[in-house]
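One-letter residues, chain by chain:
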Amino acid sequence: MGKTKFIGTDTYIASDELMAAVDVATHLEKPLLIKGEPGTGKTMLADAVAKALDKDLYIWNIKSTTKAQDGLYVYDTVQRLYDSQFGGESVDDIGHYIKLGKLGEAFKQEEQVVLLIDEIDKADLEFPNDLLWELDQMEFYIHETKETVKAKQRPIVIITSNAEKELPDAFLRRCIFFYIEFPDKDMMSQIVHSHFENLEDHLLEKAMETFYWIRGIRDVRKKPSTSELIDWLRALMVGGCDPDKIQQELPFLGVLIKKDEDQALVKEMNE
C-alpha cells in the first residue's frame, strides 16, 4: 500500500484488527467509524493515530445541539453589526467575520491532519446525512463570500459513536466500520503495563481477577472500564494493599464503581 502504517503507540495498545482497519480506511480515504463500549479507547484512538503518524489532531466534539454547519463555518453577524455601529475595522470585508469550524480548519491545512468527530450519535438524526457531501468531496461552499473551501490534503477522519442512536444507512455506506471489543486479560495486561513503570505482577493479577469478576456480574449497570482499572491500580499501589485481600476487602471501590446501586450489588455478591 505504500503509505506509513499505524502500529499503535507506547501508551495505546491496538489489536492487529484495529491497526488493519486504520490502515485500510487511510488508504481507501474513507472515514473510520469506531464503536465500542465506554473505556475501549475509541476517542484515544485518534490521538494515537496522530502521534504515530506525526500529524496534527483536530477534535470536533459533538453535542446534542451541534449542527453540521458548526463544523464548516459560522458567519458572525452579531460582531459585524457591533462593528458597524461602533466603527470597527474591516466591516465591509465579510470574510473577516467568517469563522471556520473544525472541519473547515482541517481542510485548510497544508499538511494532512487527523480529524476526530467525537460521539457523532449525540447529535440529531439528520446530522450525519448533512455531512455526506463534505466527507465525500472534502469541500464546502461559503455562501457569504462565494468561496469554496477544498481540502488541500484529505484528512484522516475518525468518527466515534456510543450507539445511542442508529446512524443513517447512506452515512454508514461511506465509512469503514470497526467495533472495538473490550480487552481480554492478555490485552488488558499489555495496556495496563504501558501506563506503569513498576507494577507488581501479583498485584495486577489479583486486581484483574476482581475487575473481571465485577464486569461479569450481570446486573451491574455501569461496568468498570479500562481507565477506571488503571485509576484503581494506582489507588491500590498508593494504599499499599495486600493483593491477596483485594477481592475480600474490595478497597477503594468508589474508584472502580461509580453508582451506589452497583456498589451495593457487588458487596452483596461478595459476601
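Here is what the cut-offs are and how they apply
Residues numbered from 1 in each chain as written. Predicted model: local features only at pLDDT ≥ 70, side-chain atom pairs only at ≥ 80, totals over all residues. Heavy atoms only, no water. Helix = DSSP H or I, 4+ residues; strand = E, 2+ residues; numbered from the N terminus. Buried < 20%, exposed > 50% of the residue type's maximum accessible area, 1.4 Å probe, protein only. Contact = heavy atoms within 4.5 Å. Areas by Shrake-Rupley, 256 points an atom, 1.4 Å probe, with all protein chains shown as cover. Lys, Arg positive; Asp, Glu negative; His and termini not counted. Charge placed at Lys NZ, Arg CZ, Asp CG, Glu CD. Pairing = 2+ DSSP bridges. Axes fitted to C-alpha atoms, helices over the stretch in contact; angles between N-to-C directions. Expected span 1.5 Å × (residues − 1).

Caption draft 1: Seen up close, the overall build of the protein chain. Helix and strand counts for the protein chain stand at 14 helices and 9 strands. In terms of overall dimensions, the protein chain has a C-alpha envelope of 70 × 50 × 35 Å along the principal axes. The proportion of buried residues among the 271 residues of the protein chain is 43%. Once local pairs closer than 6 in sequence are excluded, the contacts in the protein chain between residues at least 24 apart make up 73%. A total of about 14900 Å² of accessible surface is found on the protein chain, and carbon and sulfur atoms cover 48% of it. In the protein chain, which carries 33 positive and 51 negative side-chain charges, the distance between the mean positions of the two groups comes to 3 Å.

Caption draft 2: Here's a closer look at the sheet that holds strand β9 (residues 176–179). Read across the sheet, 5 strands follow the order β2-β5-β8-β1-β9 without closing on themselves; strand pairing throughout is parallel. At either margin of the open sheet sits one strand with a lone partner, and together these are β2 (57–61) and β9. Across the sheet, the mean angle from the axis of one strand to that of its neighbour is 20 degrees, orientation sign disregarded. The pairing of strand β1 (residues 32–35) with β9 spans 4 bridges and is classified as parallel.

Caption draft 3: Up close: the pairing of strand β5 (residues 114–118). Taken across its 5 residues, β5 has 5 buried, putting it largely inside the fold. A two-sided burial pattern is seen for β5, the buried positions comprising Val114, Leu116 and Asp118 on one face and Leu115 and Ile117 on the other. With 5 bridges joining them, β2 and β5 adopt parallel strand pairing. Bridge pairing in β5 links Ile59 to Leu116. With 4 bridges connecting them, β5 and strand β8 (residues 156–161) associate as parallel partners. The partner of Leu116 across the bridge, within β8, is Ile158.

Caption draft 4: How the structure looks around the pairing of β8. Extensive coverage of β8 is indicated by the burial of 6 of its 6 residues. Covered by surrounding structure in β8 are Ile156, Ile158 and Thr160 together with Val157, Ile159 and Ser161, the residues of both alternating faces. Pairing analysis gives 4 bridges linking β1 to β8, with the strands arranged parallel. Within β8, the residue paired with Leu32 across the bridge is Ile158.

Caption draft 5: Main features of helix α11 (residues 226–239). With 14 residues, α11 should reach 20 Å at 1.5 Å per residue; the first-to-last C-alpha distance of 20 Å fits that figure. Every buried residue of α11 is listed here: Thr226, Glu228, Leu229, Ile230, Trp232, Leu233, Ala235 and Leu236. Tucked into the core, α11 has its buried residues touching α9 (185–193), α10 (201–215), α12 (246–249) and α13 (253–256). In the stretch just after α11, Gly240 is the one whose phi turns positive, near 60 degrees.

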